[in-house]
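Each chain, letter by letter, is given below.
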Amino acid sequence: MTLIVKRISQLMAPSIFLLGIYVVLHGHLTPGGGFAGGVLIAGAFVLLILAFGSEESRNVVLEWRATASESIGLFLFWFLAVLGLMQGGIFFLNTIAKTRPGLPFHLFSAGIIPLCNVAIGMEVAATLFSVFLCLAIFKMRETP
């Protein structure tokens, strides 16, 4: 890719990443959530790999990090579901008490939903990024 594409990608990727984090964290208050934010986060990494190539990016982003993030996201989501089962006998019971508006930390007014959004965001971002890496590796092996 040209120098212009690389430079614009370097400038845009952090903004896209921060937007993805914002969408994940505020998904229970605004449109979006874990899936939409995860897609944005994965898109930021994919943009950098497309701009710089997979050989240069492989030094920065390793495949095992994507696999570990995917596993952590799945475990966190499962843990939140089972936590409700252990505390109240109901799968996915909202175990964090809802706060009233106007109190400190009212961002967590939805109970465990923001934590579920974080888990889903990690899972979706890592999965989409892993799929992209697998397709890129397969394409590299296919070309002579």
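Draft legend 1. Focus on the environment of A119. Mapped onto the fold, A119 is located in helix α5 (residues 113–142). For A119, a relative accessible area of 0% corresponds to the buried category. Taking the C-alpha atoms as reference points, A119 and L76, 43 residues apart in sequence, are found 5.8 Å from one another. Ignoring sequence-local partners within four residues, the contact set of A119 consists of G73, L76 and F77.

Draft legend 2. Looking closely at the packing of aromatic side chains. Enumeration according to the criterion identifies six aromatic pairs in this entry. Seen from their ring centres, F17 and F45 are 5.8 Å apart, and the 70° between their planes marks the pair as edge-to-face. One end of the pair, F17, is in helix α1 (residues 3–25); the other, F45, is in helix α2 (residues 34–52), with 28 residues separating them in the sequence.

Draft legend 3. Molecular detail of a nonpolar patch on the surface. On the surface, a nonpolar cluster with roughly 410 Å² of combined accessible area is contributed by I4, I8, L11 and M12. Counting through the fold element by element, I8 comes out in helix α1. Given a relative accessible area of 46%, I8 falls into the partly exposed group.

Draft legend 4. Expanded view of α1. End to end, α1 covers 34 Å across 23 residues, agreeing with the expected 33 Å (1.5 Å per residue, within 8%). At M12, α1 is bent by approximately 25°, the largest bend along its length, and proline P14 sits one to four residues beyond.

Draft legend 5. Geometry of the confidence of the model for the protein. When pLDDT is averaged along the protein, the result is 83, and 80% of the positions lie at 70 or above. Here helix α3 (residues 54–60) stands out as the element of the protein with the lowest mean pLDDT, 60, in contrast to α1, whose mean of 94 is the highest.

Draft legend 6. Here's a closer look at the packing of α1 against α2. Contact geometry for α1 and α2: axes closest at 8 Å, N-to-C directions at 165°. In terms of orientation, α1 and α2 fall into the roughly antiparallel class. In this structure, the crossing between α1 and α2 has a hand that is left-handed. Tallied by class, the residues present in the contact of α1 with α2 amount to 18 nonpolar, six polar and one charged.

How each quantity is defined
- Residues numbered from 1 in each chain as written.
- Predicted model: local features only at pLDDT ≥ 70, side-chain atom pairs only at ≥ 80, totals over all residues.
- Heavy atoms only, no water.
- Helix = DSSP H or I, 4+ residues; strand = E, 2+ residues; numbered from the N terminus.
- Buried < 20%, exposed > 50% of the residue type's maximum accessible area, 1.4 Å probe, protein only.
- Contact = heavy atoms within 4.5 Å.
- Phe/Tyr/Trp six-rings, centres within 6.5 Å; stacked < 30°, edge-to-face > 60°.
- Patch = residues over 30% accessible without salt bridge, like charges linked within 9 Å, V, L, I, M, F, W, Y side chains within 5 Å.
- Areas by Shrake-Rupley, 256 points an atom, 1.4 Å probe, with all protein chains shown as cover.
- Salt bridge = Lys/Arg side-chain N within 4 Å of Asp/Glu carboxyl O.
- Expected span 1.5 Å × (residues − 1).
- Bend = angle between axes of the 7 residues up to and from the residue.
- pLDDT = per-residue confidence, 0-100.
- Axes fitted to C-alpha atoms, helices over the stretch in contact; angles between N-to-C directions.
- Parallel < 35°, antiparallel > 145°, perpendicular 65-115°, else oblique.
- Left-handed = near helix turned anticlockwise from the far one by under 90°.
- Nonpolar A, V, L, I, M, F, W, Y, C, P; charged D, E, K, R; others polar.

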